[in-house]
Every structure is written in structure tokens, then in C-alpha cells.
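Chain residues, written in single-letter form:
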Amino acid sequence: MALERDKHSAQRALLTLQETQLLELYRRMVLIRQFEEKTAEMYARGKITGFCHLYAGEEAVAVGAIYALYDKDYVLSTYREHGHCLAKGADPKVVMAELFGKITGISKGRGGSMHLFDPDLRFMGGYAIVGGGLPIATGLGLSVQYNEGPEVVCCFFGDGALPQGAFHESLNMASLWKLPVVFVCENNFYGMGTMVQNAICQEELYRFAEPYKMPGVRVDGMDVLEVYGATMEAVARAREGDGPSLIEAVTYRFRGHSMSDPAEYRSKREERIWQERDPIKNLRRRMLGERHVAEARLGDIEAAVAREIEEAVKFADESPEPSVDELGTGIYAGS
Ligand SMILES: Cc1ncc(C[n+]2csc(CCOP(=O)(O)OP(=O)(O)O)c2C)c(N)n1
């Protein structure tokens, strides 16, 4: 069933959310953007090595969806996960330290960019395997239901995960058992260099909800308020015991697939069109124009975030490497 969504909900959110809430949405998006820009710089300087996939451009999806959750709710992500982890409340210091491979990192420096994890924060991992988080989110949903818990599980994945069996098995099971899972597909049109229409027979990805008898909705993933509104509805349904939903957030990554991808398969014109729809500038403009927020307040946020990011880099740089003794800890070994 395609979900009947009120098209005016984003505008209503703009007018009814308290100014402090709008500022918090703005702060979280700015935090992710500045974190990603600094990560690119540190990568170029050789401070960060290995695979690294940036989230710049997609901030409204992580921030809008996660703002609709309570702290106790669970989040799962992909290998493009810095944004989800920060939006869930991780300290930028420990995320940056992880990228630097330091012991103070969120995964003690042994996970790197693609394996951030913090059970206390209920950030249940980034997964390097495309679609890898989907069955885990479904299993978590089952454990919540079994324990009669109030939590909701929010699972982010890219369009590249849809052709996989794991996606279909997870949606089938979550729907059959009415599990409290919100599936959020970030459709940024490309899986590495492959366009979505060359990989998936149904380009309207939210329609994959229909065969699995759950509500499916497509939202503007460059509009944090629209993502927030749709996720609020899906979360309320999950918490009521009415089962899962599928949200397709249409978005765009401003950079290549990873740090080693110059993205030559995309035209400059296409990139420019999407950059004009920048989710941060979008919210900024509406807050100034329609809510008459003082521009200085936004400037203060940007400056405070810049200081926080500088501190994160300093912390990561000055933190020690893991010691050799650490090699044997935190691993499973059969006896
Ligand atoms: C099971 C599996 N197959 C292939 C890969 C290689 N791979 C890494 S990223 C990627 C594209 C995924 O694209 P998408 O899910 O749309 O996420 P996005 O990068 O757009 O955020 C592929 C095919 C992988 N990591 N895991």
C-alpha cells in the first residue's frame, strides 16, 4: 500500500517546531558536513587510510530520521555511516579517533570508517557488506518484540541493497511478524558507478513496500523536515505494534562513492543541480525567511561546530595507537 502522506507536513513542521528544535536540526547537519569536510582533508594528509565513504549532501536523511527517535531506539547503518553515528549523538572526537585508528576511537581503533559501533548509544553498527544491516535490524526488531520493549529499530541502507535477497527476506519477515522496524532507503541514484535504473527493475523504490504489505513512502531526502515528518509517522506505527514501514529518501552524495572515486560517471551539470538543493542551505534559507531566526544564531552554531571539529582532530591526533596487547582482546575464538 502506498502511504497517503500529507504533503504539507514539512511546512507545518517548519512553522510548529520550536526554534530550539530547528536550530538543533541545523546544528546536527552542520556538524556532519564539517566533520566530512575535515575527514577529506585528513585523508588527503594521510592521517586516515583505508576505505572511506563520505556522507556530505545526504545529511537531511540521517538527521531528519534520527530526530524522530528516542535515545533508547536503535540505529543501523552502512559503510557510509559517519553521519548516522554523529546524528545518533556520538562524540565527534571518538569518531575521528576511530578514523585515525586510535585506541580512543569508538571501536577502539580496530573498526575504521566502515565499522563504527556503540551499543550504549544504541548505534548498532555500520556494515561494509551491502545490505548487511537489514537482517540484523530485523533480528533486533524481533528481540524488542519478544522482550515487549518499547524501542524502535531504524535501519538505513542504500539503493544498492534493494536487489539483494537480504532486503526481501528482511521486509517479508518484519511484515509477517509486525516487527518495530523503520527501513530507510537512501536513494542517491548510484551504487558505486552504477545508476539505479541499470540495476533495479522498479525505480520507484518505495513501491517495494507493496508486496510486503507495509506502508511505503517517497520523501525529499534534501528536506530534513520532510524526512522527520515521514519518520515520525513510521515510528509511531512501529511503537503501536503495527509493524514496519519503508521510507525512500531521494538524495544525492556530493562526492564520489569513496575517497578514491573521482565520480566521472556523473555530469558536472547534474552535480550542480543537486548542490543547489543542498539540505543545509535549504533549512538555513527557510529558517531565516519564514521563521525569522537571527542569522547570528546560525553563525554561532557554525563557529561552535568548527571549534568542536578542530578539537576532535587534535584529540584523534594526540591519542595513542592501540598497543600490541590489544590484538587478542575483543575477538571470538573457538575452543
Ligand atoms: C554484498 C556486497 N556486494 C558488493 C559490495 C561492493 N560494494 C560496495 S559499495 C557498493 C555500492 C552500494 O551502493 P548503495 O547501496 O546504493 O550505497 P551508497 O554507496 O549509494 O550509499 C558495492 C556494490 C559489497 N560491499 N557488498
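Conventions we followed
Residues numbered from 1 in each chain as written. Predicted model: local features only at pLDDT ≥ 70, side-chain atom pairs only at ≥ 80, totals over all residues. Heavy atoms only, no water. Phe/Tyr/Trp six-rings, centres within 6.5 Å; stacked < 30°, edge-to-face > 60°. Helix = DSSP H or I, 4+ residues; strand = E, 2+ residues; numbered from the N terminus. Buried < 20%, exposed > 50% of the residue type's maximum accessible area, 1.4 Å probe, protein only. Pairing = 2+ DSSP bridges. Axes fitted to C-alpha atoms, helices over the stretch in contact; angles between N-to-C directions. Contact = heavy atoms within 4.5 Å. Near = heavy atom within 4 Å. Polar contact = N/O pair within 3.5 Å; in protein donor to acceptor, adjacent residues only side chain to side chain. Areas by Shrake-Rupley, 256 points an atom, 1.4 Å probe, with all protein chains shown as cover. Nonpolar A, V, L, I, M, F, W, Y, C, P; charged D, E, K, R; others polar.

**Comments concerning the packing of aromatic side chains**
All told, the structure shown has 7 aromatic pairs when counted by the stated rule. Residues F157 and F167 carry aromatic rings whose centres are separated by 5.7 Å and whose planes lie at 55° to one another, so their mutual orientation is tilted. Linking F157 in strand 2 (residues 153-158) with F167 in helix 7 (residues 165-176), this pair joins segments that are 10 residues apart in sequence. By relative accessible area, F167 is classed as buried at 0%. An aromatic cluster is defined as three or more aromatic residues linked by ring pairs; in this entry it consists of F157, F167, F183 and F208.

**Some words on the sheet that holds strand 2**
If you trace the 5 strands from one edge of the open sheet to the other, you get 1-2-3-7-6, paired in parallel fashion. The outermost strands of the open sheet, each flanked by one partner alone, are strand 1 (74-76) and strand 6 (216-220). Between one strand axis and the next, the sheet turns by 20° as a mean value, whatever way the strands run. In the sheet, strand 3 (residues 181-187) pairs with strand 7 (residues 245-250) via 6 bridges, with the strands oriented parallel. Within the sheet, the bridge partner assigned to V182 lies in strand 7 and is S245. Against the sheet, helix 8 (residues 224-239) makes contact with strand 3, strand 6 and strand 7, and its axis sits at roughly 155° relative to strand 6, the strand it touches most.

**Here we look at the site of the ligand**
The ligand sits among 15 residues. The nearest are Y79, R80, G160, N188 and Y190. At 3.2 Å from an oxygen atom of the ligand is found a side-chain nitrogen or oxygen belonging to D159. Contact with the protein chains hides 72% of the accessible area of the ligand, taken as 600 Å² for the molecule alone. A class-by-class count of the residues in the shell around the ligand yields 7 nonpolar, 6 polar and 2 charged.

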